[in-house]
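Structure assessment
Here is what each chain is made of, one letter per residue.
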Amino acid sequence: MPGEFIVTLGDVSNIPGMFEGHFLKGRSEPRIAMVGRSNVGKSSLINALLQARLAQVSKEPGKTRAIHFYLWKEMGKIVADLPGYGYARAGHDERDRWARFINAYLKEDGNLERAMVLLDARHGPTELDLEAIGFLSLKGIPVTFIMTKFDALKTQSDRARRSKEVNAVLKDMGYGPKDVYWVSATSKDGLKTLTRAISVGKYGDEEND
Ligand SMILES: Nc1nc2c(ncn2[C@@H]2O[C@H](COP(=O)(O)OP(=O)(O)O)[C@@H](O)[C@H]2O)c(=O)[nH]1
Ligand SMILES: [Mg+2]
């Protein structure tokens, strides 16, 4: 059952009338926001999960300036593809605009269930990622981490080393290895495990409850 495009929020000025309490354009499905650096693989992951070519994948960073909402039918959820941050040519104005836009969205959406912060498996969190994570936790939004492009880590020792490094950084922010999902939109590695977690609404951080 492929997903479906719902609506695009191009700008703060589009927000009025879009949300009403728990509803987005009259739809009540809980929202999951995909957050991450430009080019980290947000759109590719959405397409892989929703089994449709909905989100535009681009080699050129910084293309998505809008928030696109997609219906993940099987899950009964709505996925929000948030604009990426941190591409090389973005200046301060652009960053401010990003923060204002995301802020306005987060304030209006009464049914945001969780943010998925996507990080490149090869690099781990950048300064801007850490800023974004801080921003989300300040807003009280539950965060789960998704390490993308896992296929690019070719050897077992690469994988072991990278996961050790990432876990160490995230530990400092109060997150454990169970909050981290390693996936590849290309090879489909890890997608089942992630989908299962989303479908039962139980993520690593709640497994021991
Ligand atoms: N090797 C590899 N490349 C990927 C993967 N996911 C995305 N990419 C590539 O990374 C680039 C950016 O992807 P995109 O989904 O547009 O990233 P976004 O800007 O975060 O939405 C594209 O060239 C994709 O083909 C993956 O799982 N593995
Ligand atoms: Mg994108």
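Preceding block: the structure.
Residues numbered from 1 in each chain as written. Chains lettered and ligands numbered in written order. Predicted model: local features only at pLDDT ≥ 70, side-chain atom pairs only at ≥ 80, totals over all residues. Heavy atoms only, no water.

A short note on the overall build of the protein
To keep it simple, the criterion reads: Put simply, DSSP H or I for four residues or longer makes a helix, DSSP E for two residues or longer makes a strand, and each gets a number counted from the N terminus. Exposure is judged per residue with a 1.4 Å probe applied to protein chains only, and the accessible area is read against the type maximum: over 50% gives exposed, under 20% gives buried, and values in between give partly exposed. Computed with the Shrake-Rupley method and a 1.4 Å probe, the accessible areas treat only the protein chains shown as cover for residues. We count Lys and Arg on the positive side and Asp and Glu on the negative side, and we leave His and both chain ends out. Note on charges: their place is set at NZ of Lys, CZ of Arg, CG of Asp or CD of Glu.
A tally of helices and strands in the protein yields 5 helices and 9 strands. Its helices and strands in sequence order give the protein the pattern β-β-β-β-α-β-β-α-β-α-β-α-β-α, from N to C terminus. C-alpha extents for the protein along the principal axes are approximately 50 × 40 × 35 Å. The buried share of the protein, reckoned over its 209 residues, is 46%. Total accessible area on the protein is roughly 10600 Å²; 49% of this is exposed by carbon and sulfur atoms. Averaging the positions of the 31 positive and the 27 negative side-chain charges in the protein gives two centres separated by 5 Å.

Quick word on the site of ligand 1
Note the cut-off: Nearness is judged by heavy atoms alone; a residue qualifies as near a molecule or strand once a single heavy atom is within 4 Å of it. Polar contacts here mean pairs of N or O atoms no more than 3.5 Å apart (in protein, one a potential hydrogen donor and the other a potential acceptor; neighbouring residues in sequence count only if both atoms are side-chain atoms). Side-chain classes are defined by residue name, with Ala, Val, Leu, Ile, Met, Phe, Trp, Tyr, Cys and Pro counting as nonpolar, Asp, Glu, Lys and Arg as charged, and the others, Gly among them, as polar.
Taken together, 16 residues form the shell around ligand 1, and within it Asn39, Lys42, Ser44, Asp151 and Ala185 come nearest. Contacts to ligand 1 include lysine 42, whose backbone N or O atom sits 2.8 Å from an oxygen atom. With respect to ligand 1, the side chain of serine 44 contributes an N or O atom lying 2.6 Å from an oxygen atom. The protein chains hide 81% of the 580 Å² of surface that ligand 1 would expose on its own. Of the residues contributing to the shell around ligand 1, the split by class is 3 nonpolar, 8 polar and 5 charged.

Some details on the packing of aromatic side chains
Stated formally: Here a pair means two rings of Phe, Tyr or Trp (six-membered ring of Trp) with centres within 6.5 Å. Their orientation is stacked below 30 degrees between planes, edge-to-face above 60, and tilted elsewhere. By definition, being over a ring means that NZ of Lys or CZ of Arg is both within 6 Å of the ring centre and within 35 degrees of the ring normal.
By the definition in use, this model includes 8 aromatic pairs. When the centroid spacing of 4.8 Å and the interplanar angle of 80 degrees are considered together, the rings of phenylalanine 145 and tyrosine 175 count as edge-to-face. In this pair, phenylalanine 145 sits in strand β8 (residues 143-148) while tyrosine 175 sits in the loop between α4 (156-171) and β9 (180-182), placing the two residues 30 residues apart along the sequence. Given a relative accessible area of 16%, tyrosine 175 falls into the buried group. Feature note: the residues Phe19, Phe69 and Tyr105 constitute an aromatic cluster, connected by ring pairs. Its end group placed over the ring of phenylalanine 150, arginine 159 keeps NZ or CZ at 4.0 Å from the ring centre.

Points about helix α5 (residues 191-200)
Each α-helix winds once per 3.6 residues, and so residues spaced three or four apart point in a common direction. Rules: Starting at the helix axis, one direction is taken to each C-beta atom, and the arc is that of these directions.
All of the buried residues along α5 are Leu191, Leu194, Ala197 and Ile198. All buried residues of α5 lie within an arc of 130 degrees about the axis, which places them on one face of the element. Pointing more than 90 degrees away from the buried face of α5 are the exposed residues Lys192, Arg196 and Val200. Following α5 by one or two positions, glycine 201 has its phi on the positive side, about 65 degrees.

Focus: the pairing of strand β5 (residues 67-72)
Put simply, the test is: Following DSSP output, two strands are said to pair if at least two bridges run between them.
Counting buried positions along β5 yields 6 of 6 residues, so the element is predominantly enclosed. In terms of strand pairing, strand β1 (residues 4-9) meets β5 through 5 bridges, oriented antiparallel. Paired with threonine 8 across the strands is histidine 68, a residue of β5. Both β5 and strand β6 (residues 77-81) contribute to a ladder of 5 bridges, which runs antiparallel. Bridge pairing in β6 places tryptophan 72 opposite lysine 77. Between β5 and β6, which pair antiparallel and follow one another directly, the connecting turn spans 4 residues, one of which, glycine 76, has a positive phi of 65 degrees.

Shape is all these values report; function is a separate question.
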